[in-house]
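Chains, contacts and geometry: an overview
Spelled out from the first residue to the last, the chains are:
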Amino acid sequence: MNAPHLLTGDRPTGRLHLGHYFGSLQSRVTLQNTHHSFILIADVQALTDHFHHPEKVSENVLEVLKDNLAVGLSPEKCTFVLQSQVPEIAELTVFFSNLVTLGRLQQNPTVRHEIRQKQALFGESVTYGFLGYPISQAADITAFQAEVVPVGEDQLPIIEQTRELVRSFNRYYGEVLREPRALLAEHPRIRGLDGQQKMGKSLGNAIHLADPEADTRQKIMQAITDPQKARKNDPGRPEVCTVYTYHRLFQPEHLGTVYQECSTGSRGCVQCKQELAFCVNQHLAPIREVRQELQHQDAQLSEMLLDHTEQARVTSKATLQAVRKGMRLLFKTS
Ligand code: TRP
Ligand code: SF4
């Protein structure tokens, strides 16, 4: 297939949630029809902040695969790649590490933000691997010659750094690598149910694709709304309400009504959340159904994942051959 290459992926540290769904999964489903899509399960990257819990990473590899399949990615259209089984990525990471300064890594806003969030894990001293994960992510992308990388907003600085690395690589060693571009989803960031700016796996404020209906309802019923709307018939301010931002995603056609009823005090928060829970559950029902079917197919899924990874390596091996040639590392007996 001559379609442009696309690569994106997830760290298998937990199940995927609505943030992933609106931030990336939905666009993957559309783009798989027009792009040669590599979907990476980034288990090596997951170890950069889970090095002390390897079981948590390995247990989630198939879970993440199931989430991707459940939302509609097809194994006939996409190539799933298990990062740890692609030595070319590790190799390229080493080669790239000469092309980026420590200062540049320390400036990366995504990494800075994550380090701040992980103070408890790293204390004052961050690991070399964590600080360098943008380099290995650049290797993920370029090993498969991806042109398009659909990601959430938080990943933009990483893609920017990849582009810089590609430019320096090509300057020193010839036009070997392709410069990728980020593709931002329509809803690049969705708020946490607790009103935090971001829904996060580790923040405890997420609705997972695989959550049962009752849990989903309960989480929504506990969501933060407009704090000034104390009583049912008080007028509210949808523009500050997290629940309202979810209505925008799940029933855009009724957004005007929700806004109007909330701001005139004719809609109570309990009713409003019940309505949202219904919509979310309705939307997730078919996804959960497929996921349920996949639940007992671990053997087949593992086999498929390894098969796909081997197919993908045809591309990464070819890239590394060109990379080594450019770097004068194809040592041969003459
Ligand atoms: N860093 C991404 C995340 O945390 C996962 C990831 C790994 C990725 N390698 C990638 C995303 C390459 C896009 C391209 O979600
Ligand atoms: Fe938010 Fe709905 Fe309550 Fe208005 S009625 S504050 S939109 S939950």
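Attention in this report is confined to the structure presented alongside it. (Residues numbered from 1 in each chain as written. Chains lettered and ligands numbered in written order. Predicted model: local features only at pLDDT ≥ 70, side-chain atom pairs only at ≥ 80, totals over all residues. Heavy atoms only, no water.)

Some words on the overall build of the chain
Each helix and strand counted, the chain has 15 helices and five strands in total. For the chain, whose C-alpha radius of gyration is 22 Å, the value lies close to the compact-globule estimate of 20 Å for 334 residues. Principal-axis analysis of the C-alpha atoms places the extent of the chain at approximately 85 × 45 × 35 Å. Counting the 334 residues in the chain, one finds 52% classified as buried. Of all intrachain contacts in the chain linking residues separated by at least 6 positions in sequence, the fraction that spans at least 24 positions is 77%. One way to put it: in the chain the 36 positive side-chain charges average out to a point 5 Å from where the 37 negative ones average out. (Helix = DSSP H or I, 4+ residues; strand = E, 2+ residues; numbered from the N terminus. Rg over C-alpha atoms; globule rule 2.2 N^0.38 Å. Buried < 20%, exposed > 50% of the residue type's maximum accessible area, 1.4 Å probe, protein only. Contact = heavy atoms within 4.5 Å. Lys, Arg positive; Asp, Glu negative; His and termini not counted. Charge placed at Lys NZ, Arg CZ, Asp CG, Glu CD.)

What to know about the site of ligand 1
Contacts to ligand 1 come from 13 residues, most closely from Arg11, Gln45, Gln137, Asp140 and Gln155. Take Gln137: an N or O atom from its side chain is 2.9 Å from a nitrogen atom of ligand 1. In the complex, the protein chains occlude 89% of the 370 Å² of accessible area that ligand 1 would expose alone. Among the elements of the structure, β1 (5-10), α9 (133-143) and β4 (148-151) are those that each provide at least two residues to the shell around ligand 1. (Near = heavy atom within 4 Å. Polar contact = N/O pair within 3.5 Å; in protein donor to acceptor, adjacent residues only side chain to side chain. Areas by Shrake-Rupley, 256 points an atom, 1.4 Å probe, with all protein chains shown as cover.)

A short note on the site of ligand 2
Looking at ligand 2, the residues that line it are Thr225, Asp226, Lys229, Cys241, Val243, Tyr244, Cys262, Arg267, Cys269 and Cys272. The set of elements that each furnish at least two residues to the shell around ligand 2 consists of α12 (242-250) and α14 (269-294). Of the residues in the shell around ligand 2, the class split is six nonpolar, one polar and three charged. (Nonpolar A, V, L, I, M, F, W, Y, C, P; charged D, E, K, R; others polar.)

Overview of the pattern of salt bridges
Between side chains of opposite charge, a pair can form when the charged atoms approach closely. As enumerated under the stated definition, the model contains 22 salt bridges in all. The salt bridge involving Glu164 is made with Arg104; its shortest N-O contact spans 2.8 Å. Here Glu164 is found in helix α10 (residues 156-173), whereas its partner Arg104 is found in helix α5 (residues 102-107), with 60 residues between them in sequence. Between Glu160 and Arg163 there is a salt bridge whose closest N-O contact spans 3.9 Å. Within this pair, Glu160 and its partner Arg163 are both found in helix α10, separated by three residues, close to a single helical turn. Judged by relative accessible area, Glu160 falls into the partly exposed class, the value being 36%. Judged by its relative accessible area of 24%, Arg163 falls in the partly exposed class. (Salt bridge = Lys/Arg side-chain N within 4 Å of Asp/Glu carboxyl O.)

Points about helix α6 (residues 109-117)
Those residues of α6 lying buried are Thr110, Val111, Glu114 and Ile115. End-on, the buried residues of α6 take up no more than an arc of 130°, which puts them together on one face. The elements touched by buried residues of α6 are α5, α7 (119-122), α8 (128-131), α9 and α10. Where α6 begins, one side-chain oxygen reaches toward the backbone nitrogen of Thr110, 2.9 Å away; that side chain belongs to Asn108. (Arc of directions from axis to C-beta.)

Digging into the packing of aromatic side chains
If you walk through the whole model with that rule in mind, you get eight aromatic pairs. Seen in terms of ring centroids, Tyr244 and Tyr259 are 5.8 Å apart; in terms of plane orientation they differ by 65°. Their pairing is edge-to-face. Residue Tyr244 is found in helix α12, and its partner Tyr259 is found in helix α13 (residues 255-263); the two are separated by 15 residues along the sequence. Under the relative-accessibility criterion, Tyr244 is labelled buried at 10%. These aromatic residues form a ring-pair network of at least three members: Phe96, Phe169, Tyr172 and Tyr173. Lying over the aromatic face of Tyr133, Arg11 brings its terminal NZ or CZ to 4.5 Å of the ring centre. A cation over a ring is seen here: Arg171 above Tyr172, with NZ or CZ 5.6 Å from the ring centre. (Phe/Tyr/Trp six-rings, centres within 6.5 Å; stacked < 30°, edge-to-face > 60°. Lys NZ or Arg CZ within 6 Å of the ring centre and 35° of its normal.)

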